[in-house]
Amino acid sequence: MAARYLIFEDGSVFAGEGFGSPAVTFGEVVFNTSMTGYQEIITNQIYNNQIVVFTQPNIGSYGIQRNIYETIVPTIKGVIVRSLSDATTDNDRQLTLDKYLQQMNIPGITNIDTRAVVHKLRKAGRPLKGSIVPVPDDHAFDQLHATVLTNQQVAQVSTPKPYPNPGTGLSIVVIDFGLKHGVLRELSRRKCNITVLPYTATADEILRLDPDGVVLSSGPGNPQNVRKSVLEMIRTVQTKIPLFAIGLGHELFGIANGTSVKPIPVEHHGMNHPIHEIITDHIVYATQGEGYIIDRNSVDRSQLFITYVDMIDGSVQGLRHRRYPAFSVQFFPDGAPGPDETDGLFDEFIDTMNRREVHR
């Protein structure tokens, strides 16, 4: 493998060896503490325009699986690992991680001191802009400093046109802000008839389909950079039909109902994160991928109540509307990767829609 370098905007250089695509790339550098599930992480659209450092020392120990993609065309900018396993398999059609990243034109670096990189990111208290380059010369740093990363990530990853995911049960509209396929899998297991719409869909376009409920998907970036018409859509739809919001959708649901959001100093990316479910006083474990959270002090208790709280930093992880059948969670109830003990939230959503049908 050829020498490759991870460089940061502050002039830092980390040397390693390249794998995947030989392309030069730029992005925000974040880290993920998950022990497994690298394929789901790499294909999760929340990592649009980001370079992900895996804290698990060995990555690539199993081949790419055909049934666990979270999107078909990932938009992650790069992959950083301590040690790369070139997994082999009896299935000739199964790709190694190296070959998969080559196909997707995503560069990677191995044999790099990932602990030092993570310590640097923690100390910085924010994602740092970085680049993967073949030579860490002045030209590479000039390019890095000149690169402006877009703040319109949702527009980059949302589907441009509606499409169906047919089923025989309740009719669900999913608004795509950077949809994880895990959400579609959970709804399909419950036989839902799904229509995925772009994030630009209006309330009229949604209600014209006469759905039983609406899901606001997770997605990348700062929710305050999403067009304001999305908030108007949420305010209208939540009064008409049941609504379930996840990740970025949760943050937008909160903003639409008067809360504010704030960035967290170090983004949370990992699985088995302890979450307190307030109504039952139980601790559940979930997968997180967040750079922004709801400001707890901004929650209007006459409109919303808090349903889940992070056990580590006390941040808001779930909301429910007091008057409408609408609720949200910050974490990923579909897992993918990670624990699936919160997938009962999909059953709760189904029950909410069924109760509404009975009382029509």
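Residues numbered from 1 in each chain as written. Predicted model: local features only at pLDDT ≥ 70, side-chain atom pairs only at ≥ 80, totals over all residues. Heavy atoms only, no water.

Draft legend 1. Looking closely at the sheet that holds strand 1 (residues 3-8). Spatially, seven strands are ordered 1-2-8-6-4-3-9 in a closed barrel, and the strand pairing comes out mixed. Geometrically, the sheet is characterised by an average inter-axis angle of 35° between neighbouring strands, direction not taken into account. By the bridge criterion, four bridges tie strand 1 to strand 9 (residues 128-133) in an arrangement that is antiparallel. Across the sheet, residue I7 finds its bridge partner in strand 9, namely S131. Contacts from helix 3 (residues 114-124) reach strand 1, strand 2 (13-20), strand 3 (25-32), strand 4 (50-54), strand 6 (78-80) and strand 9 within the one sheet, and its direction differs from that of strand 3 by about 90°. (Pairing = 2+ DSSP bridges. Helix = DSSP H or I, 4+ residues; strand = E, 2+ residues; numbered from the N terminus. Axes fitted to C-alpha atoms, helices over the stretch in contact; angles between N-to-C directions. Contact = heavy atoms within 4.5 Å.)

Draft legend 2. Region of the structure containing the packing of aromatic side chains. One pass over the structure, following the stated rule, counts eight aromatic pairs. Pairing F244 with F349 gives two aromatic rings, centres 5.7 Å apart and planes at 45°, and the pair type is tilted. With F244 in strand 14 (residues 243-246) and F349 in helix 10 (residues 344-358), this pair connects stretches of sequence that are 105 residues apart. As far as the burial class goes, F244 and F349 line up, both buried. Ring geometry for Y308 against F331: centres 5.3 Å apart, planes inclined by 80°, an arrangement best described as edge-to-face. Remark: F331 occurs in the loop between strand 19 (326-329) and helix 10 and Y308 occurs in strand 17 (residues 304-310); sequence separation between them is 23 residues. Here the two residues Y308 and F331 agree in accessibility, since each one is buried. An aromatic cluster is defined as three or more aromatic residues linked by ring pairs; in this entry it consists of F244, F327, F346 and F349. One Lys or Arg, K120, reaches over the ring of F8 and ends 5.4 Å from the middle of that ring. (Phe/Tyr/Trp six-rings, centres within 6.5 Å; stacked < 30°, edge-to-face > 60°. Buried < 20%, exposed > 50% of the residue type's maximum accessible area, 1.4 Å probe, protein only. Lys NZ or Arg CZ within 6 Å of the ring centre and 35° of its normal.)

Draft legend 3. A nonpolar patch on the surface, seen in detail. A cluster of nonpolar side chains, namely I283, Y285, M311 and I312, defines an oily patch on the protein surface of about 380 Å² accessible area. Note that I312 resides in the loop between strand 17 and strand 18 (316-321). Here I312 falls in the exposed class, since its relative accessible area comes to 60%. (Patch = residues over 30% accessible without salt bridge, like charges linked within 9 Å, V, L, I, M, F, W, Y side chains within 5 Å. Areas by Shrake-Rupley, 256 points an atom, 1.4 Å probe, with all protein chains shown as cover. Salt bridge = Lys/Arg side-chain N within 4 Å of Asp/Glu carboxyl O.)

Draft legend 4. Structural view of the side chain of D176. Structurally, D176 can be placed in strand 11 (residues 171-176). Of the buried charged residues, D176 lacks a salt bridge, with K180 as the closest side chain of opposite charge at 12 Å. If sequence neighbours within four positions are ignored, D176 has contacts with V157, S158, T159, V196, L197, P198, Y199 and S217. (Lys, Arg positive; Asp, Glu negative; His and termini not counted.)

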